[in-house]
Amino acid sequence: MQPTKPKQPASERLRNLWPDIRELVMPRRGLLLAGFGLMLVNRTAGLVLPASTKFLIDDIIGKGRRDLLLPLLVAVLGATLLQGGTSFGLTQLLSKAAQRLITELRRKVQAHIGRLPLSFYDSNKTGTLVSRIMTDVEGIRNLIGTGLVEFVGGLLTALFSLIVLLRISVLMTGLTLFFLVLFAVVLQKAFTSIRPIFRERGKINAEVTGRLTETLGGVRVVKGYHAESREEEVFTTGVTRLLNNVLKSLTATSLMGLSANVLLGIVGSTVMFLGTRQIEAHQITLGDFVLFTAFMAFLIAPVAQ
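The paragraphs below set out a description of the structure included in this document. (Residues numbered from 1 in each chain as written. Predicted model: local features only at pLDDT ≥ 70, side-chain atom pairs only at ≥ 80, totals over all residues. Heavy atoms only, no water.)

Notes on the packing of helix α2 (residues 29-46) against helix α4 (residues 69-114)
Taken N-terminus to C-terminus, the directions of α2 and α4 make an angle of 155°; their axes are 8 Å apart at the nearest point. When the axis of α2 is compared with that of α4, the two are roughly antiparallel. The handedness of the crossing between α2 and α4 is left-handed. Facing α2, whose interface residues are Leu 31, Leu 32, Ala 34, Gly 35, Leu 38, Met 39, Val 41, Asn 42, Ala 45 and Gly 46, α4 presents Ala 79, Leu 82, Gln 83, Thr 86, Ser 87, Gly 89, Leu 90, Leu 93, Leu 94 and Ala 97. Of the residues contributing to the contact of α2 with α4, the split by class is 13 nonpolar, 7 polar and no charged. (Axes fitted to C-alpha atoms, helices over the stretch in contact; angles between N-to-C directions. Helix = DSSP H or I, 4+ residues; strand = E, 2+ residues; numbered from the N terminus. Parallel < 35°, antiparallel > 145°, perpendicular 65-115°, else oblique. Left-handed = near helix turned anticlockwise from the far one by under 90°. Contact = heavy atoms within 4.5 Å. Nonpolar A, V, L, I, M, F, W, Y, C, P; charged D, E, K, R; others polar.)

Set out below in structure tokens:
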């Protein structure tokens, strides 16, 4: 038996992939910079609505400043329109660029495989190669598409939200961060088991799809050798492997969803208890409490993303 190949550390894999990543990103750095600019405008505009709740409750309702209602509504409406426009721009700019890149990579992979010697085709099923060419490059959308920009935007929004939360209440923010870090550690451990499952699913799906493509394409040969039962058995084995893989991933993601709901329940009840006590002690206002709960969602969002 051959010794098992040691697993390559994530830092080493990133170092090996970096030249390829740089080759993909550098010609499109202008698009990414424009995307980051739109993202900053989008995230800033998205904070106007939750931030307006404090002025609405404390000043307009609490102090009877009805003259501020119309300007506040105009500001909220304008920010909402700006947020929608920049979201549309991000989709048009980055998502389409990602799709063009996926098409280019498919073309390059197909051209490369087409030049390989016949011995390569002897050891790889044609249908499997077709599936890998068409599906494996889909992951590039997270690098060039809106995935990376949205993730960075979520981190920036979380940082700004953290500053706002600390200004309202250090105690409630500290406890929220404690539970958030605890949940992040749990997520990290969970992803160590989930990532291999999803990687294996792509391989199984390619094998099953490839074998099925070859079987249907060579159906005359299959019938000529009366191999229908054998192909049915092979296909059943493949889809059973795929089912077991999906069931494993569903169990893992369900446990993650359960832990996320428990986290939200603990954080929410803690903030409600401390917020009520601080309002009664006149340490914060009702508007501050509503603003805290609104910005707390922006702080938690990057972990879920």
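With respect to the side chain of Ser 52
Within the secondary structure, Ser 52 sits in helix α3 (residues 48-61). Every residue in contact with Ser 52, bar those within four places of it in the chain, is listed here: Leu 72 and Val 76.

With respect to the side chain of Thr 215
Counting through the fold element by element, Thr 215 comes out in helix α9 (residues 170-217). Residue classification places Thr 215 among the buried residues on the basis of a relative accessible area of 17%. Side-chain polar atoms of Thr 215 contact the side chain of Glu 231, separated by 2.8 Å. Excluding residues that lie within four positions of it along the chain, Thr 215 makes contacts with Val 222 and Glu 231. (Buried < 20%, exposed > 50% of the residue type's maximum accessible area, 1.4 Å probe, protein only. Polar contact = N/O pair within 3.5 Å; in protein donor to acceptor, adjacent residues only side chain to side chain.)

Focus: the nonpolar core
Ile 168, Met 172, Val 267, Val 271, Phe 292, Phe 295 and Met 296 are the most contacted members of the largest nonpolar core, which has 26 residues in total. Discounting chain neighbours no more than four positions away, the residues touching Met 296 are Leu 165, Thr 176, Val 267 and Val 271. (Core = buried A, V, L, I, M, F, W, Y, C linked by side-chain atoms within 4.5 Å.)

Quick look at the environment of Ile 300
One can find Ile 300 in helix α12 (residues 286-304). Its relative accessible area of 13% is what places Ile 300 among the buried residues. Along the chain, Ile 300 and Leu 180 lie 120 residues apart, while their C-alpha atoms are 7.1 Å from each other. Those residues within four positions of Ile 300 in sequence are excluded, and the remaining contacts are Leu 180 and Leu 264.

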